[in-house]
Number of protein chains: 2
Amino acid sequence: MSTMAQTVYYFDYAAATPVDPRVAAAMKPYLVEKFYNPSSPYAPAIEVRREYANAKHMIAQTIGARADELVMTAGATESINLAINGFGGHKITTEVEHASVKRAISRGMHTFVEVDARGRVDPRMIAEAIQHDTQLVSVALANHEIGTIQPVRDIARVVSDVRFARQRTGNHTPLVFHCDASQGFGLLDIHVGRLGVDLLTLNAAKIYGPKQVGVLWVRPGVQVQAQVVGGGQELGIRSGTENVAGVIGFAEAAQIATNKRTTEVVRLSRLRDLLEVSLRDNFPGAVFSGHSKHRLANFCHVSFPGVDAERLVFLLEAKQVLVATGSACAANSGTRSEVLTAIGLDAQTADGSIRLTLGRETTHDSIEIASRAIIEAVRQELARTGGVL
Amino acid sequence: MSTMAQTVYYFDYAAATPVDPRVAAAMKPYLVEKFYNPSSPYAPAIEVRREYANAKHMIAQTIGARADELVMTAGATESINLAINGFGGHKITTEVEHASVKRAISRGMHTFVEVDARGRVDPRMIAEAIQHDTQLVSVALANHEIGTIQPVRDIARVVSDVRFARQRTGNHTPLVFHCDASQGFGLLDIHVGRLGVDLLTLNAAKIYGPKQVGVLWVRPGVQVQAQVVGGGQELGIRSGTENVAGVIGFAEAAQIATNKRTTEVVRLSRLRDLLEVSLRDNFPGAVFSGHSKHRLANFCHVSFPGVDAERLVFLLEAKQVLVATGSACAANSGTRSEVLTAIGLDAQTADGSIRLTLGRETTHDSIEIASRAIIEAVRQELARTGGVL
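What counts and what doesn't
For every chain, the first residue of its written sequence is number 1, and the numbers climb from 1 along that sequence. Ligands are numbered from 1 and chains lettered from A, in the order in which they are written. Only residues with pLDDT of at least 70 are given local features in this predicted model, and only at 80 or more are side-chain atom pairs given and counted; all residues enter the totals for whole chains, interfaces and linings. Heavy atoms from the whole structure form the basis of all side-chain values; hydrogens and water molecules are not counted. By the convention used here, residues are in contact when the closest approach between their heavy atoms is within 4.5 Å. Summed over both partners, buried area is the accessible surface (1.4 Å probe) that two parts give up on being assembled. In the sections that follow, a salt bridge refers to a side-chain nitrogen of Lys or Arg positioned within 4 Å of a carboxyl oxygen of Asp or Glu. N or O atoms closer than or at 3.5 Å make up a polar contact, with two conditions inside protein: a donor-capable atom paired with an acceptor-capable one, and, for residues adjacent in sequence, both atoms drawn from side chains. Strands here mean DSSP runs of E at least two residues long; helices mean DSSP runs of H or I at least four residues long; both are numbered from the N terminus. Residues were grouped as follows: Ala, Val, Leu, Ile, Met, Phe, Trp, Tyr, Cys and Pro as nonpolar; Asp, Glu, Lys and Arg as charged; and all remaining residues, including Gly, as polar. Least-squares superposition aligns the copies on the C-alpha atoms of those residues with pLDDT at or above 70 in both. The rule is simple: take the accessible area with a 1.4 Å probe, protein chains only, and divide by the maximum for that residue type; under 20% is buried, over 50% is exposed, in between is partly exposed. When DSSP locates at least two bridges between a pair of strands, those strands are taken to pair. In this description, a line fitted to the C-alpha atoms serves as the axis of each element, helices being fitted only across the stretch in contact, and the angle between N-to-C directions of two axes falls anywhere from 0 to 180 degrees. A domain assignment, automatic or from a database, supplies the domain bounds used here.

Turning to the interface of chain B and chain A, a few remarks are in order. Tallying the contact residues gives 58 residues for chain B and 58 residues for chain A. Roughly 5100 Å² of surface becomes buried between chain B and chain A when both sides are summed, with 61% attributable to carbon and sulfur atoms. Scanning the region where chain B abuts chain A turns up 0 salt bridges. If you look at where chain B meets chain A, you find 24 residue pairs in polar contact (both at pLDDT 80 or more). The set of elements that each furnish at least two residues to the side of chain B that touches chain A consists of helix H2 (29-32), helix H3 (43-62), helix H4 (76-85), helix H5 (99-105), helix H10 (309-318) and helix H11 (328-333) of chain B. Of the residues assigned to the side of chain B that touches chain A, the class counts are 29 nonpolar, 20 polar and 9 charged.

With that out of the way, let us pick up the relation of the copies chain B and chain A. After a rotation of 180° and a shift along the axis of 0.0 Å, chain B superposes on chain A with an RMSD of 0.0 Å. What the superposition gives is, in effect, a two-fold axis relating one chain to the other. Identified as the residue of chain B closest to the rotation axis by C-alpha distance is B:Ala74, at 3.1 Å. Interface residue correspondence from chain B to chain A reaches 100%, placing this contact among same-surface, isologous pairings.

Before going further, it helps to spend a moment on the environment of A:Gly306. Residues and elements named next belong to chain A. Looking at the element boundaries, glycine 306 is found in the loop between strand S10 (299-303) and helix H10 (309-318). For glycine 306, a relative accessible area of 41% translates into the label partly exposed. Counting along the chain gives 79 residues from glycine 306 to threonine 385, while the straight-line C-alpha distance between them is 8.6 Å.

A few words on the sheet that holds strand S4 (residues 110-113) of chain B. All names here are of chain B. One open sheet accounts for 7 strands, arranged S2-S8-S7-S6-S5-S3-S4; its pairing is mixed. Strand pairing shows two members of the sheet lacking a second neighbour, strand S2 (70-73) and S4, which therefore form its edges. Direction aside, the axes of adjacent strands within the sheet are offset by 20° on average. Here 4 bridges tie strand S3 (residues 90-94) to S4, and the two strands are oriented parallel to one another. Considered in S4, the bridge of threonine 93 is made with phenylalanine 112. With respect to the sheet, helix H7 (residues 152-169) is in contact with strand S5 (134-138) and strand S6 (176-180), its orientation differing from that of S6 by roughly 165°.

Let us look at the domain arrangement of chain A. Residues and elements named next belong to chain A. You can read the domains of chain A as domain 1 (9-18 + 261-385) and domain 2 (21-256). The interface of domain 1 with domain 2 comprises 30 residues on the first partner and 31 residues on the second. Here domain 1 meets domain 2 over a buried area of about 2700 Å², counting both sides, of which 57% is carbon and sulfur. Taken together, the links from domain 1 to domain 2 amount to 1 salt bridge. Between lysine 102 and glutamate 338 there is a salt bridge whose closest N-O contact spans 2.5 Å.

Written out as structure tokens, the structure is:
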């Protein structure tokens, strides 16, 4: 990454992405010159209101939606909480969801559905978990630790079938399907109609946009209970003077990500595969997690059983290679990743895991450097502990 | 305002402030170069985490608090909702609070206390409204429409007295005092210890910082129930990857506002008084609202009974003078301001109200231009309708 005083090789794009300079440039005028409150009555403010609406339109277009179906939020965590807290009754998610989903759902009656060893949930298990009073199912499009892509369309069909059955039997309990698509945005085709979801979360910070800017798409007709009340700026569901600069930046980032998607997916999956082949060749005992086919193009989750991942991160950092241990959130709290436990990794394997996520500045050279650095570091640790892989 | 292609005379600083160029400059590196997730384990991310913590420390210092007492939010509306929804039982506020406060409090048992004709609440009426199950009192430091400053210290004493009485009688119901100080920040001395409040809301967007960046200060020992859950980044009370650039900008804005406060209050109150004297001399029938002494230095709320304020705003805009009708939120929804009804303005007076709020780019010249423009516009409207003031 050439923006640093010292070159670093960044492999943690799932944790944070740099703001694209075009995005930063698009945002700037809305900080200093076009600072007006979009609710104000005079022409310069009305112009800002129009440009804000247009930015929402641009974001909506990238997912096949309309601007008046978007609730802009302060990021994926708020969108997720808004979706989940917007409903009552029993709620369902999977064992491998992000902490924000699991914690929000844990506040009420809930079921956490198991996943298989590759992190995929079986839609039939979602169907079995649905009770007469279930109001919400929440499954992420792609997992934040291992990159496994879920069968979202099939889950949507399950939810839709139950909804029809309820209508026939006169059960008026709502049932909606929320999908957190923040980790897959820019790498997968996200079209709300084709996915068949009712609520969808996106996050600007994952696609080279600003932090703390997100959206909850709400299918027309779906009633979400407001959490933050006040001026009612976002469809009456979310209040607060609009983050004009942030949403303008999000729109620019969404455009760029959508335009680059097809070529970037090919490029990144090739680079990722090169890395995995190299590590596999050197360490036959290494464990690669996530689905081999249904997986984000930029994810490489690898475990070196018996090696201490925290030491590995430290050794790699000394070689200017920045990687994550598990997810950033889990790493921070010092507990073992629930995702890795859910897919059946034993403690020794889980504790030897690093996550490399590739991005726009990842090149063939940086992959070779990372590969060499990891091989050296793992060998060094194996030599120290007398381990073999 | 020199930043526009055409010079405009902006008098709506209470609705929005331009981001100070120094603030925008401070934010920029944290968008593009220092983009790391503060929870990540490697050195460049740890550096960002430290700088984020330091920004919170700078903000805390300006209100006599500590960094680990601040919950960063997406603006005043979220802070207010977090404070109010963080408690149960009966809640109290005044008739003149911002929509976010009144709507959040309206969700449960509540009392709206009346104010006097100048918009001030009598702390004794707060005392009378407190019930055995009251858990929260929320009063803004300064009103967002008429600028009246509330007797916050006296209200804090009332709340504190009840708390002591409860302790003696074994009533364990919590009772806290939340103060939304977003409108007064930069113009009043805001020190949480001297004010005696338990929860305090501030907003970067009111002090030449970025939009959608706010804080809820929480007195140590006060338990606020979390609303948005997940990674637990903000004291476990609020989750989401930190808005690093926004909080860095907030800190810079808070420093500048604090340094400028004393001189700016003198300068703005002189300019505001000049404007009011001029309007009063020309229209003896004009009504000035807000407290003559306990009022923000930059607020001028004036009513021309019988004149249509919306037409006035339009006529002034044609002369490049930008003012508000009532509050931006109220104006947007097209309903009469609840604040003006609460202070006893009749419909004709309320509907002829404009709010001018001064700020850093307001000069003696711009005050003269605004004064002349208002006099001309009001005379034009009076001539059209045959009115006299």
